[in-house]
Amino acid sequence: MSYDLEVYGKVSLTARELAKVVSSVRGLKATVDRRSQTISSIMHKRGRAIAFELDGPDQLEPEDIPEGWTEVADATVLYSIHVPYDVQSGAGGFSFSVDGPNLAAATAFAARLAERVDGTVIDPQDDEPPAPEPEPDPAPEPEPERPRFLHLRWFRLLDDVNDKDLAEIYLRTAREFFPPGVPSRFGTYEPFQGRFPRDDDAKFDAMYRDDCFIGDLILAGKPIEHGTIDGWTNDLRQRTQSVRLKFEFDRLVKLKALDAIEPFFVALAERTGSFFAFAEVNTSRYATAQRFMAVKRDDPWSGLPTEPQWLTWFGPEYAELVAPHLDPTRMAATSLGTLHRWTKHPAEVDELRALSGDPWIPAAFRGVIDPTTDERCGKAAEVMPESLRYPAPGSPQALRIEAHYARMREIEANARKRAAEGHR
């Protein structure tokens, strides 16, 4: 190991010329090897101990100059000076040090040599080439446009035991008004058991009636991104039943299907007896402005969405409540409900806010957001149709729901009993 100094210069000296430079430093003497015509040693005159070693001159090409060292950019030769380290061993291991007089002699010689060869001394232990000038950042590429999604959802109240017609109504309406809504695959789990056109429509209806007690019927296959039809059983707390569809918006544009969205939306709302439905365009694959209860509570319905949505449908009870707060020129009523449409074209929330103002509907119609639960509702809206609240204990509706669950418990108990007897 050695402490190194480098002299970059423009003159290539002979061994004799280098010896003269060594001699110009007080107390140093150089020995020249006549055969190789190189400096074989550089010693202190007193004590004849080696002071340092010298290599060079070595010829340089432009690519040999470290990048960024502008002060030696025109050098043609390199001289390398090596001062050996003293190695000492002790209880803590080995230690390395450089002899002070040797380093002082080498530094003095390097300065004299640099003057002689019109060069520059570089100490590799201290000097690093300056960092290159950073290249200018390329112009940022425009961010790819985020895909947009159309979310469609219909809600109806599920109070009757035999509400098993939702799948049949959905498929019949999609075939009539909105072919992109007809799934190519369907089932209750993957891999999906049903497939169109291999299967007939009766299988779609039968699968829902037979297999969707509690569980959902899942709709898949392009252009549907995802879809579900809620199972048909009653739920003591969450008594609503819904159809959910999600499409990548650009696919519908390519299919030239935008004009068919509204007729399909209204027809399915009417045929299912939906109390509320919405069509929302946004850039989220999963989220919409419709917030749901953070946990199941006595109220099965949280309230209206937090933001305006392109299309909304209100059943007769809801329509009567919201009518004083919405522009009647944007509403179209039928005997089965009322459609509210902000724009003729599918529009996102920023455009709708500009039209609706903030809030689009009084806060009392919307659920109270619980900030600790991912913006879900912690409390149901103050204003909603009474039919959407859980029936009062002892009311005919509450007794009917309780009777239904009593029958379900009896059926499950009998099934477990038969299974146990079969294992005996």
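Since the structure is predicted, the reported quantities are computational estimates derived from the model, not experimental observations.

Undergrad: An account of the sheet that holds strand 9 (residues 185-187) is needed here, citing residue identities and associated values.
TA: Backbone hydrogen bonds are what pair the strands of a sheet, in a parallel or an antiparallel way. Sheet architecture is open: 10 strands sit in the order 10-9-11-12-13-8-14-15-17-16, paired in antiparallel fashion. Bordering the open sheet on either side are strand 10 (194-195) and strand 16 (331-334), each of which pairs with just one other strand. Here 5 bridges tie strand 12 (residues 224-229) to strand 13 (residues 240-248), and the two strands are oriented antiparallel to one another. In the sheet register, Ile229 faces strand 13, and the bridge partner there is Val243.

Undergrad: How would you sum up the pairing of strand 13? Please name residues and give values.
TA: Of all 9 residues making up strand 13, 7 are buried, and the element is well covered by its neighbours. Where strand 8 (residues 149-157) and strand 13 come together, 9 bridges link them in antiparallel fashion. Residue Arg153 lies in a different strand from strand 13, and its bridge partner there is Arg244.

Undergrad: So what about the pairing of strand 3 (residues 38-44)? Which residues, and what values?
TA: Most of strand 3 sits out of view: 5 of its 7 residues are buried. Relative to strand 3, strand 2 (residues 28-33) is paired through 6 bridges, and the arrangement is antiparallel. Bridged to Asp33 within strand 3 is Thr38. Two successive antiparallel strands, strand 2 and strand 3, enclose a turn made up of 4 residues, where Gln37 displays a positive phi of approximately 50°. As paired elements, strand 3 and strand 4 (residues 50-59) share 2 bridges and run antiparallel to each other. Counted as the bridge partner of Met43 is Ile50 from strand 4.

Undergrad: Can you explain empty space enclosed by the protein? Please cite residues and give values.
TA: Evaluation of the coordinates by the stated rule reveals 1 cavity of 30 Å³ or more. In this structure, the largest cavity occupies an estimated 50 Å³ of space. Along the walls of the largest cavity sit Lys29, Thr31, Met43, His44, Lys45 and Arg48, which together make up its complete lining. Looking at the lining of the largest cavity, the elements with two or more residues in it are strand 2 and strand 3. Of the residues that constitute the lining of the largest cavity, the class distribution is 1 nonpolar, 2 polar and 3 charged.

Undergrad: Give me the side chain of Thr173: which residues, what numbers.
TA: Of note, Thr173 is situated in helix 3 (residues 166-177). For Thr173, a relative accessible area of 0% gives the class buried. The contact partners of Thr173, leaving out residues within four places of it in the chain, are Phe178, Phe264, Ala267, Leu268 and Arg271.

Undergrad: Tell me about the side chain of Thr272, and please be specific about residues and values.
TA: Relative to the assigned elements, Thr272 resides in helix 6 (residues 261-272). At 2.6 Å, the side chain of Thr272 and the backbone oxygen of Leu268 are in polar contact. Within the structure, Thr272 has its side chain in polar contact with the backbone oxygen of Ala269 (distance 3.5 Å). Contact partners of Thr272, with chain neighbours within four places excluded, come to Arg156, Leu166 and Ile169.

Undergrad: Kindly report on the environment of Pro84, identifying the contributing residues and their values.
TA: Along the chain, Pro84 turns up in strand 5 (residues 77-90). Once the C-alpha coordinates of Pro84 and Ala51 are considered, the two residues, 33 residues apart in sequence, prove to be 8.4 Å apart.

Undergrad: Summarise unusual backbone geometry; cite the residues concerned and give the values.
TA: Geometrically, the link from Gly56 to Pro57 is a cis peptide bond, its omega value of 5° lying close to zero. You can see Pro57 is positioned in strand 4. One non-glycine residue, Asp118, lies in the positive phi region at around 55°. If you trace the backbone, Asp118 turns up in the loop between helix 2 (100-116) and strand 7 (120-122).

Undergrad: Would you mind going over the pattern of salt bridges in detail, with residue names and values included?
TA: Within this structure, the stated rule accounts for 19 salt bridges. In this structure, Arg175 and Asp201 form a salt bridge, with 2.9 Å as the shortest nitrogen-oxygen distance. Of this pair, Arg175 sits in helix 3 while Asp201 sits in helix 4 (residues 201-211); the two residues are 26 residues apart in sequence, bridging distant segments of the chain. A relative accessible area of 39% places Arg175 in the partly exposed class. For Glu262, the salt bridge goes to Arg341, with nearest N and O atoms at 2.8 Å. Of this pair, Glu262 sits in helix 6 while Arg341 sits in strand 17 (residues 337-341), and the two are 79 residues apart along the sequence. Through salt bridges with shared partners, a single ionic network connects Lys10, Asp74 and Asp118.

What counts and what doesn't
- Residues take numbers from 1 onward in each chain, read along the sequence in its written order.
- At least 70 in pLDDT is required for a residue's local features to be given in this predicted model, at least 80 for side-chain atom pairs to be given and counted, and no such filter applies to totals for whole chains, interfaces and linings, which use all residues.
- Excluding hydrogens and water, the side-chain figures rest on all heavy atoms present in the structure.
- Two strands are counted as paired when DSSP detects at least two bridges linking them.
- Helix numbering and strand numbering both begin at the N terminus, where a helix is a DSSP run of H or I of at least 4 residues and a strand a DSSP run of E of at least 2.
- Burial classification: accessible surface area is computed with a 1.4 Å probe over protein chains only, and a residue below 20% of its type maximum counts as buried, one above 50% as exposed, and the rest as partly exposed.
- Method remark: on a 1 Å grid restricted to protein atoms, a set of points is classed as a cavity if a 1.4 Å probe fits but cannot get out and as a pocket if it is open with protein on both sides within 12 Å along at least five of seven lines; lining residues have an atom within 4 Å of a point.
- Grid points are joined across faces, edges and corners, and a volume is the space filled by probe spheres set on the points.
- Residues are sorted three ways: Asp, Glu, Lys and Arg are charged, Ala, Val, Leu, Ile, Met, Phe, Trp, Tyr, Cys and Pro are nonpolar, and all the rest, Gly among them, are polar.
- The contact rule is simple, with two residues in contact once any of their heavy atoms fall within 4.5 Å.
- The definition of a polar contact used here is a pair of N or O atoms within 3.5 Å, where within protein one atom must be able to donate a hydrogen and the other to accept one, and adjacent residues in sequence count solely through side-chain atom pairs.
- By convention in these notes, a salt bridge is any Lys or Arg side-chain nitrogen within 4 Å of a carboxyl oxygen on Asp or Glu.

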